[in-house]
Each structure stands twice: as C-alpha cells, then as structure tokens.
Amino acid sequence: MLLHPAVREKLSDVIRMFASGDFQKVKEFVASYGIYAALISFLLMVFQSVAAPLPAFLITFANASLFGWWKGAVLSWSSAMAGAALCFFLSRALGRDAAEKFTSKAGLQHIDGYFEKYGKHTILICRLLPFVSFDIVSYAAGLTSMSFGSFFLATGIGQLPATILYSYVGGMLTGGARLFVMGLLILFALSVLVVLLKKLYTDRQNKKVTDTK
C-alpha cells in the first residue's frame, strides 16, 4: 500500500508540510477533514513520532487553535504518548539497525550518551527540554533494559508541562506574539541543551583522563 503513488504523494505532502515549519498549514490540513479532524491530528502525531524528528509542536499549536487550549492539550498529549509507545516497541522488537533507519545513527548515539550518564532519568530530562526530539529518546529507550512501565510513566510526566505550555501559547496567542514566544522557547531549549551537552562532554573527558592514570 505504501508503494502506491497516491499514498507516496500524500506522505510527501505531509512531510513537506512539517518541513515548512508553518503551523497554519498544519491547522488547515487537519481542519479540512471536518468531523474527522481530531482523528487525523492523532494519526499525524503518531506518524511524526515514527518518522522522527519531525516537529510535533506544530501539531500541538494546531490542536490548541482548532479545539481550544485544554482540549487540544489532551489530544496532543494522548496522541504523543501513543506515538512514544509505538517508537519504544518498534525499537525493542526490531533492534538498533531498524531504529537507526527510523531516526539517525548520530542521533541515537547522542541519546546513548545521556543514558550512560543519567540512566532512566534520561527520559524525564529529555522530555522536559523543549524542541528536543522526543521520538529519538523513545527509540533509544527501547534499546535499553528499561521496562515499558517506567518509560511510559516518565514520558507522561515529562511531556505534560511542555504540552500544556505549547497548547496555551497556541490557543491564546496570535500573530507576532506567538512568534515571539516560540522564539523564546527555542532560545531556552538551545541554551539548556548546550549546557547539558557541555557537561556530558566534560564528564567524558574527565573519565578518559581518569582511565589513563
């Protein structure tokens, strides 16, 4: 079925829509399905999870704008949880080679470093970081010995604050105000990510020095 030209064309359109970074296009696409809009949104979120690292926050903004911020938050959170669970089980069932095809070898190696340093706390740490690809973390978690229950609980708790925030922004702000807040969120995310990566690099260098003594 995926080889059918019409299906390939539709998937290409969806990927281009995500790549544009324009939440309005996502909103119009979801709204075009009328009474099935919520279902399409749910499927889109699961699709972007499997096809990491497409930007999930575009769907969260669109959901809030279409359904109201709190209903949009519930839809975004539940569909993201379903997507995370699917990534976890795909990785656990199919192994690392398949996970690298769904994501990237470099991406998984970065998250491996977090797991080596922070163990199971990696899930919560990464879920709290805005614009960090949740999906690569889900695939990486499936390659560890972590139980699904622990993964699912940490994912749900960690993902909730960001989902509520993005939904509130998407539902309450418009135009330039939304862009301004998005810019702040991106800046915050990059700042936190740089600090964590610097710490991870420093710890590794220190470990190498210790091992050579």
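One can find the structure itself at the top, above this paragraph.
These numbers were taken from a predicted model, which means no experiment stands behind them. (Residues numbered from 1 in each chain as written. Predicted model: local features only at pLDDT ≥ 70, side-chain atom pairs only at ≥ 80, totals over all residues. Heavy atoms only, no water.)

S.K.: Can you lay out the overall build of the protein for me, pointing to particular residues and giving the numbers?
M.R.: When you go through the protein residue by residue, the secondary structure sums to 11 helices and zero strands. Across the 213 residues of the protein, 40% fall into the buried class. Total accessible area on the protein is roughly 11500 Å²; 69% of this is exposed by carbon and sulfur atoms. (Helix = DSSP H or I, 4+ residues; strand = E, 2+ residues; numbered from the N terminus. Buried < 20%, exposed > 50% of the residue type's maximum accessible area, 1.4 Å probe, protein only. Areas by Shrake-Rupley, 256 points an atom, 1.4 Å probe, with all protein chains shown as cover.)

S.K.: Residue-level account of the pattern of salt bridges, with values.
M.R.: Applying the stated criterion to the full structure yields three salt bridges. Across the pair Arg-16 and Asp-13 runs a salt bridge, and its minimum N-O distance is 2.3 Å. Of the two residues, Arg-16 and Asp-13 are both situated in helix 1 (residues 5-20); the distance of three residues between them amounts to about one turn of the helix. One salt bridge connects Asp-112 with Arg-96, and the closest N-O pair in it is separated by 2.4 Å. Of this pair, Asp-112 sits in helix 7 (residues 105-118) while Arg-96 sits in helix 6 (residues 96-102), and the two are 16 residues apart along the sequence. Given a relative accessible area of 19%, Asp-112 falls into the buried group. Judged by its relative accessible area of 31%, Arg-96 is partly exposed. (Salt bridge = Lys/Arg side-chain N within 4 Å of Asp/Glu carboxyl O.)

S.K.: Hey, could you go over the packing of helix 3 (residues 37-50) against helix 4 (residues 57-67) for me, with residue numbers and the actual values?
M.R.: It is the contact of helix 3 with helix 4, at a shortest axis distance of 11 Å, that shows an interaxial angle of 170°. Overall, the two elements helix 3 and helix 4 adopt an arrangement that is roughly antiparallel. Residues Ala-37, Ala-38, Ser-41, Leu-44, Met-45 and Gln-48 of helix 3 form the contact with helix 4, whose participating residues are Ile-59, Thr-60, Asn-63 and Phe-67. When grouped by side-chain class, the residues that make up the contact of helix 3 with helix 4 number six nonpolar, four polar and no charged. (Axes fitted to C-alpha atoms, helices over the stretch in contact; angles between N-to-C directions. Parallel < 35°, antiparallel > 145°, perpendicular 65-115°, else oblique. Contact = heavy atoms within 4.5 Å. Nonpolar A, V, L, I, M, F, W, Y, C, P; charged D, E, K, R; others polar.)

S.K.: Could you give an account of the packing of aromatic side chains, with specific residues and numbers?
M.R.: Across all of its chains, the model carries 10 aromatic pairs by this definition. Measuring from centroid to centroid gives 5.6 Å for Phe-88 and Phe-89, while their planes differ by 90°, and the two rings are edge-to-face. The exposure class assigned to Phe-88 is buried, which follows from its relative accessible area of 0%. Connected via pairs of aromatic rings, a cluster forms that spans Phe-88, Phe-89, Phe-148, Phe-151 and Phe-152. (Phe/Tyr/Trp six-rings, centres within 6.5 Å; stacked < 30°, edge-to-face > 60°.)

S.K.: Which residues make up the layout of surface pockets, and what values do they have?
M.R.: The volume enclosed by the second largest pocket comes to roughly 300 Å³. Top contributing element to the lining of the second largest pocket by residue count: helix 3, with six residues. Taken together, the residues of the lining of the second largest pocket break down into 10 nonpolar, no polar and one charged. (1 Å grid on protein atoms, 1.4 Å probe; cavity = no way out; pocket = protein on both sides within 12 Å on 5 of 7 lines; lining within 4 Å. Points joined across faces, edges and corners; volume = space filled by probe spheres on them.)

S.K.: I'd like a rundown of the nonpolar core, residues and numbers included.
M.R.: Across soluble globular proteins, you tend to see nonpolar side chains buried next to one another. Core analysis: the largest hydrophobic core is formed by 21 residues, its most contacted members being Phe-18, Val-26 and Leu-44. Elements represented by at least two residues in this core include exactly helix 1, helix 2 (23-31), helix 3, helix 4 and helix 10 (148-172). Here this core gets five residues from one element, more than from any other, and that element is helix 4. With sequence-adjacent residues up to four places away left out, Val-26 is seen in contact with Met-17, Leu-58, Ile-59 and Ala-62. Grouped together as the second largest cluster of nonpolar side chains are 20 residues, Cys-87, Ala-99, Leu-108 and Met-146 included. (Core = buried A, V, L, I, M, F, W, Y, C linked by side-chain atoms within 4.5 Å.)

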